Amino acid sequence: LLLLLSLLGLAAAGKLLVVPVDGSHWLSMREVLEVLAQKGHEVVVVAPEVTLHIKPSKNFVMKMYSTPYTQEEMEKDFKAFLHTSFEEGNFLERFLKVYEGMKKLGNMSAACCEQLLQNKELIRYLEETKFDALLTDPVIPCGLILAEHLSLPSVYFLRGVPCGLDFHATQCPNPPSYVPRAFTQLTDRMTFLQRVKNLLFDTQNLFLCDFAFEPFSKLASEFLQREVTVLDLLRKGSVWLLRLEFVLDYPRPLMPNIIPIGGVNCAHK
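Note that this is a predicted model, so its numbers are computed, not measured.

Trainee: Hey, could you run me through unusual backbone geometry in this one?
Mentor: Phi is mostly negative for residues that are not glycine, and the peptide bonds are mostly trans. With a phi close to 60°, Q185 is a non-glycine residue in the positive phi region. Looking at where Q185 falls in the secondary structure, it is placed in the loop between α7 (165-170) and α8 (192-202). Note on Q185: relative accessible area 74%, which makes it exposed. In the Ramachandran plot, Q225 falls in the positive-phi region, its phi being about 60° despite a non-glycine side chain. Looking at where Q225 falls in the secondary structure, it is placed in the loop between α9 (205-224) and α10 (230-234).

Here it is in structure tokens:
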């Protein structure tokens, strides 16, 4: 990542549109934006008025839009989701609780994205401003919709996308016979029965994706005025900055436009 930033410093300064995701996602991305701004690039961050961590900075321009929920409602739902994510118990109990939590946060994110796309004044500003690229975390696909609307090359900054859509979008192999799935507590050395268990855990993605991304597919189709899915938009990604470190994460195949940046995962604190 430092090499990439150094190369950017040798080039003419550009104008970057950023559509971030709140929480720890933002804490990681903010570190990169601060460095880009210091190197002379103009950074414009589009964010909701109600956030956990996204705050104005002297190093970039903030464009805010209203949200259909209050600060108290958002913090309550986030805390409840984090609590259930770390609870102990059998797989079914944990899965159902996480499912409900993801559904709540997903509906909140979709409503927030709708507010952004319906903000005609802000959309007009983005259309009239000549950006060079769009940086976003695709775990919430709102930035993908904007990149397509503005015809901008998109850079993804992520650890992963629910349901393994990042594997599908980049056509990376991800066989359940070898790659352990979330919640299984398996390693990459599995017996036959463990591989069967791993495959069964993978079937959850067949319906998880529907509830997680269907609201965004609907939003995208209405806004872009043509039928489109989140997977269609994900495939348009120019560069994937993947916050994985294979010392800690299971090794996986990478396509040429996927760059691992495992050291960028949190603020210096």
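Having seen the model, we can carry on.
Trainee: When you look at the pattern of salt bridges in this model, what are you seeing that I'm missing?
Mentor: Side chains that carry opposite charge are capable of pairing whenever their charged atoms lie near each other. Counting across every chain of the model gives five salt bridges. A salt bridge links R226 to E148, with the shortest nitrogen-to-oxygen separation between them at 2.5 Å. Highlighted residues: R226 in the loop between α9 and α10 and E148 in helix α6 (residues 142-150), separated in sequence by 78 residues. When its relative accessible area of 38% is taken as the criterion, R226 is described as partly exposed.

Trainee: Whenever I open this one, the nonpolar core confuses me. Can you help?
Mentor: Soluble globular proteins tend to pack their nonpolar side chains together in the buried interior. Counting 53 residues, the largest nonpolar core has L17, L126, I145, L146, L165 and L234 as the members making the most contacts within it. A per-element tally of this core places α9 first, with ten residues. Here L17 is in contact with V44, V46, L126, F131, A133, L134, L135, L150 and L152, once residues within four sequence places are set aside. L36, V45, I54 and I261 belong to the second-largest nonpolar core, a separate cluster that totals 18 residues.

Trainee: So what exactly am I meant to see when it comes to the packing of aromatic side chains here?
Mentor: Given two aromatic rings, their pairing is described by the distance between the two centres and the angle made by the two planes. Under the defined criterion, the tally for this structure stands at two aromatic pairs. Their ring planes at 90° and their centres at 6.0 Å tell us that W26 and F60 sit as a pair that is edge-to-face. Linking W26 in helix α2 (residues 24-38) with F60 in the loop between β2 (42-48) and β3 (61-65), this pair joins segments that are 34 residues apart in sequence. Take F60: its relative accessible area is 7%, and that puts it in the buried class. In this structure, K63 packs its charged tip against the face of Y125, placed 4.3 Å from the ring centre. Seen from the ring of Y178, R195 lies directly overhead, with NZ or CZ sitting 5.3 Å from the centre.

Trainee: Quick question: what am I supposed to make of the side chain of D22 here?
Mentor: Looking at the element boundaries, D22 is found in the loop between β1 (15-19) and α2. Comment: no salt bridge for buried D22; closest opposite-charge side chain is K55, at 7.2 Å. In terms of polar contacts, D22 uses its side chain to reach the backbone amide nitrogen of H53, at 3.0 Å. Other than its neighbours up to four places away in sequence, D22 contacts T51, L52, H53, I54 and M74.

Quick notes on the rules
Residues numbered from 1 in each chain as written. Predicted model: local features only at pLDDT ≥ 70, side-chain atom pairs only at ≥ 80, totals over all residues. Heavy atoms only, no water. Helix = DSSP H or I, 4+ residues; strand = E, 2+ residues; numbered from the N terminus. Buried < 20%, exposed > 50% of the residue type's maximum accessible area, 1.4 Å probe, protein only. Salt bridge = Lys/Arg side-chain N within 4 Å of Asp/Glu carboxyl O. Core = buried A, V, L, I, M, F, W, Y, C linked by side-chain atoms within 4.5 Å. Contact = heavy atoms within 4.5 Å. Phe/Tyr/Trp six-rings, centres within 6.5 Å; stacked < 30°, edge-to-face > 60°. Lys NZ or Arg CZ within 6 Å of the ring centre and 35° of its normal. Lys, Arg positive; Asp, Glu negative; His and termini not counted. Polar contact = N/O pair within 3.5 Å; in protein donor to acceptor, adjacent residues only side chain to side chain.

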